[in-house]
Amino acid sequence: MNATLARPLTLWLLALPVIIAVLGLALQGLAAVNASVFFAWSYFLEVLFAGLLQGVMYALVALGFVLIFKASGIFNFAQGSLVLFAALTMVGFIEMGLHWTLAFVVTAGVMVLLAVVVERVVLRPLVNQPHIILFMATIGIFYFLDGFGQTLWGSDVKVLDIGIPKQPLFVLQGVFEGGILVNAFDLVAALVGAVLVIGLAVFFHYTRIGRALRAVADDHQAALSVGIPLKTIWAIVWSVAGIVALVAGIMWGSKAGVQFSLALIALKALPVLILGGFTSIPGAIIGGLIIGAGEQVAEVFIGPLFGGAIQDWFAYMLALVFLLFRPQGLFGEKIIERV
Amino acid sequence: MQLRKLAFAAVGALVIGGTAATPPASAAEQFVPLLVYRTGPYAPNGIPLADGFNDFMQLVNERDGGVNGVKLAWEECETQYNNDRGVECYERLKAQGATGSSVVNPYSTGITYALIERATADKVPVLSMGYGRADASDGRVFPYVFTLPITYWAGADVMVQYANEKEGGSLKGKKIALVYHDSAYGKEPIATLERLAEEEGFQFQAFPVAHPGLEQKATWLQIGRQLRPDWVFMWGWGVMNSTAIKEAAAVGYPMDRFVGIWWSGAEADVVPAGDAAKGYKSLNITGVGTNAPIFEDIKKLHADGKGLADPKNIGTVLYNRALVNSFYFTEALRTAQGKFGEKPMSGEQIQWGFENLDITQDKIDSAGMTGLLSPVKLSCADHEGGGSAVVQQWDGAKWAAITDFISPRRAALRPAYEASAAQYAKEKGITPRDCS
């Protein structure tokens, strides 16, 4: 991890307990003056922890966006449909009788194949076109995959169960009466998210392909001039994004069932990206954690003051506040252009 | 390049030609537009519904030769559950057939709201069976909208009656939470539940869930860890339902105290939740399963290769609902034919048929639909018809009814319908009809 990233991360880690304590005290004060707000420290920590774990789920989706943006500067509108398509395909193979591990491998292969097709059919003819054209092309991919996935695998809700435990656990029972509720599924999701981020960070920083990816992201023309094969790099990055989408699809599909609405979770990744930065893999995770925890705490403790269901717009509002102070996001690269 | 253009032209011609080749309804047929959603986020619900309509109308044509000799003709139009597409479909199909659209079943509260004024102006009855505006039950203000057999407000009343009975006859001091889709649909029961909370002495708290409802962790932490209610009612739709069931299980909320409305009680709502859904309850406005005699005829229809539904949908909650919906329509058509003659009816004539609809238990039995619906009787003023709902429970593999049909307490509901309809009439400048 480079120094520019380590410093803000360390600062965040040190500041975190202070932020949590201040937030808790503020909400405790709010509960004291407004009867519609309920506050107890154990409950607050429970909500906060649940939010952090939910944030990891958002980050899993946001990672796919970051990968493609990092390598090509394109905001991939189709990431949500990649998640849905991957999950549908994996369930399809499981229903054909494959064990889930084998289905995972075969689906990963399908996602690589899809990446190659996208590169050959959509991206290659658009090399050196403005980013907005490529963005529009990803909208086309979104609608195509959306319909193609349903045509191929049907529109029914499908169950994806790969044996991830889902029972509620109660921790810190000695500290708080009744303990703090944590769901085993969320803990597994957090673990998966952590492994994925570490794997991607290593891939980007310590492999030849990773360095080539970063070179392409910086400047297509310059990368081409030093012999980096742009077409291959795009196919690789779409493949990796496809596999990340598969992991996100498995986690979200296990949680909510594999169905069309999975494509809509891409909307939850947007505030995460605004906050974490479009080009930072750790940023996606930190952004996810902040958005997840922020919206859950807001929904539970501030929501009653507004009639509830505030978490969706609150996530965007939180991201916009950050945007005012850091337009490139918390960990995004600062864009300096000479005029 | 020339070849490519020719290929595109050929494909285009095939597509256009294919559409044009769909045979139009003949002058001797009764045309029924079908607004369906076989694709999109609500397709898991839309497909069995559309299948039920197709099978029932096909059965009426094949088994009975139509309604009094008038065969049914229909065309599907895909709405994807979007309001704008729903209106577009309605407009596209309303002039089809010899007498135009004879009824419209929007299967979306949003599309129903969007069509009320248009359909009324066009004199096309809107059959919003168990959805749409509850106050449209007042036929004096809404002459072309029919809400049979039961409205959301009445559904809320049935839920409270059920909870009351389970609590030994009193809800005093108990807590009831409502988890609802944050939309016009989800908000429908709130006023009724607030009134009942006051009358019966229970504490009521409502929790909105933003569309589409994939995230409900915060909601269920509040319910399961803070409020800890005795009962949770749900007005959900689509993915919100299965997510709610999973999140309820994640906070350890007992499923047998969790009751959904009839749009939160299909197979697609519980199957994705897996074992967590075992014991979950919901209301239903139709019977469940394939015990009714009509299913023998449907099986035969499929055995003869004339069935139109995916066989795996036969007997599912929403398939059965579409059977009952179609039955209401064919009975309204039959009633209208009794007055206007055995020929295709106009929307205006079928509106008369609905207002004079009297589906008795004998008619239900002779149609082979015993157990699938309860009797209804409509009038000029009453477009709800006095229907009722059952409570059903998911056992992990199938739904099973656990009560008889429960009638809502309409003595209190009717004044609420009338007050709300009067307000609507005032806003729209409508002079209510005289139904006396």
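Residues numbered from 1 in each chain as written. Chains lettered and ligands numbered in written order. Predicted model: local features only at pLDDT ≥ 70, side-chain atom pairs only at ≥ 80, totals over all residues. Heavy atoms only, no water.

## A few points about the overall build of chain B
Part 1 of the argument: Each helix and strand counted, chain B has 15 helices and 13 strands in total.
Part 2 of the argument: Relative to the compact-globule value of 22 Å for 436 residues, chain B shows a C-alpha radius of gyration of 22 Å, a close match.
Part 3 of the argument: Overall, chain B is about 70 × 65 × 45 Å in size when its C-alpha atoms are taken along their principal axes.
Part 4 of the argument: The proportion of buried residues among the 436 residues of chain B is 57%.
Part 5 of the argument: For chain B, long-range pairs separated by at least 24 residues make up 71% of all intrachain contacts whose partners lie at least 6 apart in sequence.
Part 6 of the argument: Here chain B has roughly 15900 Å² of accessible surface; of this, 52% comes from carbon and sulfur atoms. (Helix = DSSP H or I, 4+ residues; strand = E, 2+ residues; numbered from the N terminus. Rg over C-alpha atoms; globule rule 2.2 N^0.38 Å. Buried < 20%, exposed > 50% of the residue type's maximum accessible area, 1.4 Å probe, protein only. Contact = heavy atoms within 4.5 Å. Areas by Shrake-Rupley, 256 points an atom, 1.4 Å probe, with all protein chains shown as cover.)

## A short note on the state of the cysteines
Here a disulfide denotes one covalent bond, and it connects the sulfur atoms of two cysteines.
Residues and elements named next belong to chain B.
Part 1 of the argument: Applying the stated criterion across every chain, the model contains 2 disulfides over all chains.
Part 2 of the argument: A sulfur-sulfur separation of 2.0 Å characterises the disulfide bridge that pairs Cys77 with Cys89. Judged by the sign of its S-S torsion, about -70°, the bond between Cys77 and Cys89 is left-handed. With Cys77 in strand S2 (residues 71-78) and Cys89 in helix H3 (residues 83-93), this pair connects stretches of sequence that are 12 residues apart.
Part 3 of the argument: The disulfide bridge from Cys380 ends at Cys435, spanning 1.8 Å between sulfur atoms. (Disulfide = S-S within 2.5 Å.)

## Details of the packing of aromatic side chains
Residue and element names in this part refer to chain A.
Part 1 of the argument: Considering all chains together, one arrives at 43 aromatic pairs over all chains under this definition.
Part 2 of the argument: The interplanar angle of 35° and the centroid separation of 5.6 Å between the aromatic rings of Phe39 and Phe44 together place this pair among those described as tilted. There is no split in this pair, since Phe39 and Phe44 are both buried.
Part 3 of the argument: Geometrically, the ring pair formed by Phe65 and Phe75 is stacked, given 5.1 Å between the ring centres and 20° between the ring planes. A residue pair is termed long-range when its members are at least 10 positions apart, and Phe65 in helix H2 (residues 41-72) and Phe75 in the loop between H2 and helix H3 (79-95) qualify at 10 residues.
Part 4 of the argument: An aromatic cluster of three or more residues is present, and its members are Phe65, Phe69, Phe75, Phe77, Phe135, Phe142, Tyr143 and Phe278. (Phe/Tyr/Trp six-rings, centres within 6.5 Å; stacked < 30°, edge-to-face > 60°.)

## Focus: a nonpolar patch on the surface
Residue and element names in this part refer to chain A.
Part 1 of the argument: A cluster of nonpolar side chains, namely Leu305, Phe306, Trp313, Met317, Val321, Leu324 and Phe325, defines an oily patch on the protein surface of about 770 Å² accessible area.
Part 2 of the argument: Mapped by element, the contributors of at least two residues to the nonpolar patch are helix H11 (281-306) and helix H12 (311-325).
Part 3 of the argument: At 5 residues, H12 tops the list of elements feeding residues into the nonpolar patch.
Part 4 of the argument: Owing to a relative accessible area of 69%, Leu324 belongs among the exposed residues under this scheme. (Patch = residues over 30% accessible without salt bridge, like charges linked within 9 Å, V, L, I, M, F, W, Y side chains within 5 Å. Salt bridge = Lys/Arg side-chain N within 4 Å of Asp/Glu carboxyl O.)

## A look at unusual backbone geometry
All names here are of chain B.
Part 1 of the argument: Pro149 follows Leu148 through a cis peptide bond whose omega is 5°.
Part 2 of the argument: Backbone torsion omega between His211 and Pro212 reads 0°, so that peptide bond is classified as cis.
Part 3 of the argument: Phi angles above zero are rare outside glycine, and Gln80 is one such case at about 55°.
Part 4 of the argument: In this structure, Arg228 is a non-glycine residue whose phi angle is positive, near 45°.

## A look at the side chain of Glu200 of chain B
Residue and element names in this part refer to chain B.
Part 1 of the argument: Note that Glu200 resides in helix H7 (residues 190-200).
Part 2 of the argument: Side chain to side chain, Glu200 and Asn164 meet in a polar contact 2.9 Å long.
Part 3 of the argument: A distance of 3.2 Å separates the side chain of Glu200 from the side chain of Arg409, its partner in a polar contact.
Part 4 of the argument: Leave out the neighbours within four places in its chain, and Glu200 touches Val160, Asn164, Leu171, Lys172 and Arg409. (Polar contact = N/O pair within 3.5 Å; in protein donor to acceptor, adjacent residues only side chain to side chain.)

## A word on the interface of chain A and chain B
Part 1 of the argument: With 42 residues of chain A at the interface, the matching set in chain B holds 33 residues.
Part 2 of the argument: Of the roughly 3000 Å² buried at the junction of chain A and chain B (both faces included), carbon and sulfur atoms supply 59%.
Part 3 of the argument: Two residues, Asp186 of chain A and Lys217 of chain B, come together in a salt bridge whose shortest N-O distance is 2.6 Å.
Part 4 of the argument: Broken down by secondary-structure element, the contributors of at least two residues to the side of chain A that touches chain B are H2, strand S1 (168-171), strand S2 (180-183), helix H9 (230-256), H11 and H12 of chain A.
Part 5 of the argument: Counting residues per element, the side of chain A that touches chain B draws most heavily on H2 of chain A, at 6 residues.
Part 6 of the argument: Of the residues that constitute the side of chain A that touches chain B, the class distribution is 19 nonpolar, 14 polar and 9 charged. (Buried area = accessible area lost by both parts, 1.4 Å probe. Nonpolar A, V, L, I, M, F, W, Y, C, P; charged D, E, K, R; others polar.)

## Points about the domain arrangement of chain B
All names here are of chain B.
Part 1 of the argument: When cut into domains, chain B gives domain 1 (29-150 + 292-387 + 411-428) and domain 2 (152-284).
Part 2 of the argument: Distance from the C-alpha centre of domain 1 to the C-alpha centre of domain 2: 28 Å.
Part 3 of the argument: Counting from both sides, the interface comprises 26 residues of domain 1 and, opposite them, 21 residues of domain 2.
Part 4 of the argument: Here domain 1 and domain 2 share an interface that buries about 2000 Å² over both sides, 64% of which is from carbon and sulfur atoms.
Part 5 of the argument: The tally of links between domain 1 and domain 2 comes to 0 salt bridges.
Part 6 of the argument: Where domain 1 touches domain 2, the interface holds 9 residue pairs in polar contact (both at pLDDT 80 or more). (Domains from an automatic or database assignment.)

## Regarding H12 of chain A
Part 1 of the argument: In a regular helix each residue adds 1.5 Å, so 15 residues correspond to 21 Å; H12 of chain A covers 22 Å between its end C-alpha atoms and thus fits that length.
Part 2 of the argument: Among all positions in H12 of chain A, only Gln311, Phe314, Ala315, Leu318 and Ala319 of chain A are buried. Angularly, the buried residues of H12 of chain A cover 135° about the axis, an arc narrow enough to put them on a single face.
Part 3 of the argument: Against the buried residues of H12 of chain A lie H2, helix H10 (266-276) and H11 of chain A together with helix H8 (217-227) of chain B. (Expected span 1.5 Å × (residues − 1). Arc of directions from axis to C-beta.)

## Here we look at the pattern of salt bridges
Opposite charge on two side chains allows them to pair when their charged atoms are near.
All names here are of chain B.
Part 1 of the argument: Using the criterion set out here, one finds 40 salt bridges over all chains in the structure.
Part 2 of the argument: The residue Asp157 makes a salt bridge to Arg409 at a minimum N-O spacing of 3.1 Å. With Asp157 in helix H5 (residues 152-166) and Arg409 in the loop between strand S13 (399-401) and helix H15 (410-428), this pair connects stretches of sequence that are 252 residues apart.
Part 3 of the argument: Assessed through its relative accessible area of 1%, Asp157 is described here as buried.

## Focus: the sheet that holds strand S8 (residues 258-260) of chain B
Through backbone hydrogen bonds, the strands of a sheet pair up, either in parallel or in antiparallel fashion.
Residue and element names in this part refer to chain B.
Part 1 of the argument: Taken in spatial order, the 7 strands line up as S6-S5-S7-S8-S9-S12-S13 in an open sheet, and their pairing is mixed. One side of each edge strand has no neighbouring strand; the edge strands of this open sheet are strand S6 (203-209) and S13. Going across the sheet, the axis of each strand differs from the next one's by a mean of 25°, ignoring polarity.
Part 2 of the argument: For S8 and strand S9 (residues 281-284), the ladder comprises 2 bridges, and the chain directions are parallel. For Val259, the partnering residue across the bridge sits in S9 and is Lys281.
Part 3 of the argument: Those strands touched by H7 are strand S5 (175-181), S6 and strand S7 (231-235), and its axis lies near 160° from that of S6. (Pairing = 2+ DSSP bridges. Axes fitted to C-alpha atoms, helices over the stretch in contact; angles between N-to-C directions.)

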